[in-house]
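# Fold and contact review
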Amino acid sequence: MDKNGKIKGKVSIIDILVILLIIVVIVGVAARYGSKITTAVKSDKQFEYVLSVENVRDYTVTALKKMGRVTDKKSEKDLGEIVDVQVENATQQSITAAGEVKNPETPGRYTCFVTIRATGKESEDNYILSDSTELSVGRNVELYSKYVKTSGDIKSVKVLD
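Residues numbered from 1 in each chain as written. Predicted model: local features only at pLDDT ≥ 70, side-chain atom pairs only at ≥ 80, totals over all residues. Heavy atoms only, no water.

As a further point, take the overall build of the protein. For the protein, the count of helices and strands is 3 helices and 12 strands. The buried share among the 161 residues of the protein stands at 27%. Within the protein, counting contacts between residues at least 6 apart in sequence, those at least 24 apart form 64% of the total. On the protein, roughly 11000 Å² of surface is accessible, and the fraction owed to carbon and sulfur atoms is 51%. (Helix = DSSP H or I, 4+ residues; strand = E, 2+ residues; numbered from the N terminus. Buried < 20%, exposed > 50% of the residue type's maximum accessible area, 1.4 Å probe, protein only. Contact = heavy atoms within 4.5 Å. Areas by Shrake-Rupley, 256 points an atom, 1.4 Å probe, with all protein chains shown as cover.)

So this is what it looks like as structure tokens:
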């Protein structure tokens, strides 16, 4: 290295760092967009998935029962159409002074099981909506429709024949 910071008078340390940064970015992009989710797609399918929307008020239950199309928060991703809503009284786990676990009903609160029908693709190990949203049990999904804004956890996913 000479007094100007160049190796053998031609390449500087900064040049080497810039080249390494470009290589890291290329590898990152290849890893992100070359994943199994997008490459192992088998076919177009229609899915029904059930969301558990917990501890909501009567207003939200009424809005969900109006059905309709649902999207994500930014209204860019179509998550499907609500086809069914089952409602139960909400419960909240509590422990008594004696150490006993109880699940009493919470007055004025409900748990909704919202069935949504959507079109997407099936891969080897998961289901993907047409806009690349992955459907997997346990995943939290935010729902936005003309009538309601809420979120819930996916409880089941099934392929329709």
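Moving on: the nonpolar core. Y49, L51, C112, V114 and I116 are the most contacted members of the largest nonpolar core, which has 23 residues in total. Elements with a minimum of two residues in this core: β3 (41–56), α3 (58–64), β5 (78–91), β8 (105–123), β11 (140–144) and β12 (149–160). Examining the composition of this core, we find that 5 residues originate from one element, β3, more than from any other. The residues touching C112, leaving out its near neighbours within four places in the chain, are L51, S52, V53, V56, V61, L64, V85, Q86 and V87. (Core = buried A, V, L, I, M, F, W, Y, C linked by side-chain atoms within 4.5 Å.)

Its identity is not glycine, yet N55 carries a phi of approximately 60°, on the positive side. You can see N55 is positioned in strand β3. Judged by its relative accessible area of 44%, N55 is partly exposed.

Turning our attention to the pairing of β12. Every other side chain in a regular strand lies on the same face of the sheet, so the side chains alternate between the two faces. By the bridge criterion, 5 bridges tie β11 to β12 in an arrangement that is antiparallel. Bridge pairing in β12 links V141 to G152. Between the end of β11 and the start of β12, which pair antiparallel, lie 4 residues. (Pairing = 2+ DSSP bridges.)

Moving on: the confidence of the model for the protein. The predicted model of the protein has a mean per-residue pLDDT of 84, with 86% of residues at 70 or higher. Considering each helix and strand of the protein separately, the mean pLDDT is smallest for helix α2 (residues 36–39), with a value of 50, and largest for α3, with 93. (pLDDT = per-residue confidence, 0-100.)

A few words on the side chain of T60. Within the fold, T60 resides in helix α3. Given a relative accessible area of 12%, T60 falls into the buried group.

The next point concerns the environment of Y144. Here Y144 lies in strand β11. In sequence terms Y144 and D72 are 72 residues apart; their C-alpha atoms lie 5.9 Å from each other. Setting aside residues up to four positions removed in sequence, Y144 forms contacts with R69, V70, T71, D72, K73 and K149.

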